[in-house]
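So you can see what is in the structure, the chains are spelled out below.
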Amino acid sequence: MKRPGPLLTLLAGLVLALFMLTLNVTSGTKTASSSYSEKSPSPSAPQSSAPASTPSPTPTKTSTTKPPAPNADYAGRTDDDAASVAVSVRDGKAVAYFCDGRYKEAWLRGRVNNNGSMKLTAPNGAVLDGTIDQGRKIRGTVKDEGRRYAFTAAKAVKPSGLWRATAKVRGAKIDAGWVVLPNGRQTGIVTRDGKPASAPRIDPETGAVTVDGQQLTARPVTP
């Protein structure tokens, strides 16, 4: 048997080399392509163009401060009908008069809070605690000489309300006060040099009154 000649052997080697070369070129192309795909970054997602939200403004607080108590006059009786009470309110201040028409009386003063409550005091130690109810009446108590009197004083229109007269009559110092109720009823005390007694009636239209034979003029009292 003849052995392959040198030419045939060379040709077979050449064919094998060409096959290997073709295989390497094909593998390299795929590898490069794959590598490029893996390393290439994905396109960035488009960012939203919507404007940033603006914080809502802080709501303005509504003032809850109540207006001052209205200017008005009030007059009424204690619950036991033992005495009368009149209160005059002006610009956040109040003056009141408590009297039984015989010997017990007190002049009280103080301030009125915006909610209508008040605490009035007198030089003799009497204290009035009250509250204005919707501008129509005052409900409260007067404490005098250790006793407490509950009262209701309705809104009064002149001539109802609080009246006072001061003068010197026959050398005596006169200080008189009256509570005139809406129904026309009067309760008053006239003090002569510190001695109290029942007061005569006043003319509710003019304030005229006669004390110990001398005519005086009582006037409405305000703080």
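Residues numbered from 1 in each chain as written. Predicted model: local features only at pLDDT ≥ 70, side-chain atom pairs only at ≥ 80, totals over all residues. Heavy atoms only, no water.

1. Focus on the overall build of the protein chain
Here is step 1: What the protein chain contains, in helices and strands, is 1 helix and 15 strands.
Here is step 2: Contacts in the protein chain between residues far apart in sequence, at least 24 positions, make up 38% of those at least 6 positions apart.
Here is step 3: When the accessible surface of the protein chain is split by element, carbon and sulfur atoms take 55% of a total near 14700 Å². (Helix = DSSP H or I, 4+ residues; strand = E, 2+ residues; numbered from the N terminus. Contact = heavy atoms within 4.5 Å. Areas by Shrake-Rupley, 256 points an atom, 1.4 Å probe, with all protein chains shown as cover.)

2. Observations concerning the environment of A172
Here is step 1: With respect to the element layout, A172 can be found in strand β10 (residues 172–180).
Here is step 2: Owing to a relative accessible area of 15%, A172 belongs among the buried residues under this scheme.
Here is step 3: Residues A172 and D193, 21 residues apart in the sequence, show an inter-C-alpha distance of 5.8 Å. (Buried < 20%, exposed > 50% of the residue type's maximum accessible area, 1.4 Å probe, protein only.)

3. Here's the deal with the side chain of S84
Here is step 1: In this fold, S84 is placed in strand β2 (residues 84–90).
Here is step 2: Judged by its relative accessible area of 0%, S84 is buried.
Here is step 3: In this structure the side chain of S84 is engaged in a polar contact, spanning 2.9 Å, whose partner is the side chain of T187.
Here is step 4: Those residues in contact with S84 that sit more than four places away from it in its chain are G76, R77, Y97, F98, C99, V179 and T187. (Polar contact = N/O pair within 3.5 Å; in protein donor to acceptor, adjacent residues only side chain to side chain.)

4. Observations regarding the nonpolar core
Here is step 1: With 24 residues, the main nonpolar core has V87, L108, M118, L128 and I132 as its most contacted residues.
Here is step 2: Those elements that place two or more of their residues in this core are β1 (72–78), β2, β3 (93–99), β4 (105–111), β5 (117–121), β6 (127–133), β7 (137–144) and β8 (147–156).
Here is step 3: With residues up to four places along the chain from it excluded, the contact list for I132 reads A69, Y74, V89, V112, G116, M118, K137 and I138.
Here is step 4: Judged by nonpolar contacts, the second largest core, of 14 residues, contains W163, V209, V211 and L216. (Core = buried A, V, L, I, M, F, W, Y, C linked by side-chain atoms within 4.5 Å.)

5. Quick word on the pairing of β7
Here is step 1: Two elements, β6 and β7, share 7 bridges in a ladder whose sense is antiparallel. Across the sheet, the residue bridging to G130 is G140, located in β7.
Here is step 2: Hairpin connection, β6 to β7: the antiparallel pair is bridged by 3 residues, and Q134 has positive phi, about 55°.
Here is step 3: Looking at chain direction, β7 and β8 are connected through 8 bridges and run antiparallel. Its bridge partner lying in β8, D144 is registered against R147.
Here is step 4: The turn linking β7 back onto β8 is made up of 2 residues, and E145 within it adopts a positive phi angle of 55°. (Pairing = 2+ DSSP bridges.)

6. Considering the packing of aromatic side chains
Here is step 1: Counted according to the given criterion, the structure contains 2 aromatic pairs.
Here is step 2: Ring geometry for F98 and Y149: centres 5.2 Å apart, planes at 50°, overall tilted. Here F98, found in strand β3, pairs with Y149, found in strand β8; they are 51 residues apart in sequence, far enough to count as distant. Summarising the burial analysis for this pair, F98 and Y149 share the class buried. (Phe/Tyr/Trp six-rings, centres within 6.5 Å; stacked < 30°, edge-to-face > 60°.)

7. Some thoughts on the confidence of the model for the protein chain
Here is step 1: Considering every residue of the protein chain, the mean pLDDT works out to 83; 71% of them sit at 70 or more.
Here is step 2: For residues 29–46, every residue scores under 50 in pLDDT, and the model assigns this stretch 0 contacts once sequence neighbours within four places are set aside. (pLDDT = per-residue confidence, 0-100.)

8. So, the sheet that holds strand β11 (residues 186–192)
Here is step 1: Taken in spatial order, the 5 strands line up as β12-β11-β10-β9-β15 in an open sheet, and their pairing is antiparallel. Single-partner strands in this sheet number two, and they are β12 (195–198) and β15 (219–220).
Here is step 2: Sheet topology places β10 next to β11; 7 bridges connect them, and they run antiparallel. When the sheet's bridge partners are listed, V180 is paired in β11 with Q186.

9. A few points about the pattern of salt bridges
Here is step 1: All told, the structure shown has 11 salt bridges when counted by the stated rule.
Here is step 2: R102 serves as the salt-bridge partner of D100, at 3.5 Å between the closest nitrogen and oxygen.
Here is step 3: Judged by relative accessible area, which is 10%, D100 ranks as buried.
Here is step 4: Each of R77, D81 and R185 takes part in a single network of salt bridges with overlapping partners. (Salt bridge = Lys/Arg side-chain N within 4 Å of Asp/Glu carboxyl O.)

10. Concerning the environment of T152
Here is step 1: Positionally, T152 belongs in strand β8.
Here is step 2: Since its relative accessible area comes to 29%, T152 is described here as partly exposed.
Here is step 3: Sequence spacing of T152 and G130 is 22 residues, and the spatial spacing of their C-alpha atoms is 9.2 Å.
Here is step 4: Looking at T152, its side chain comes within polar contact range of the side chain of R139, at 2.6 Å.

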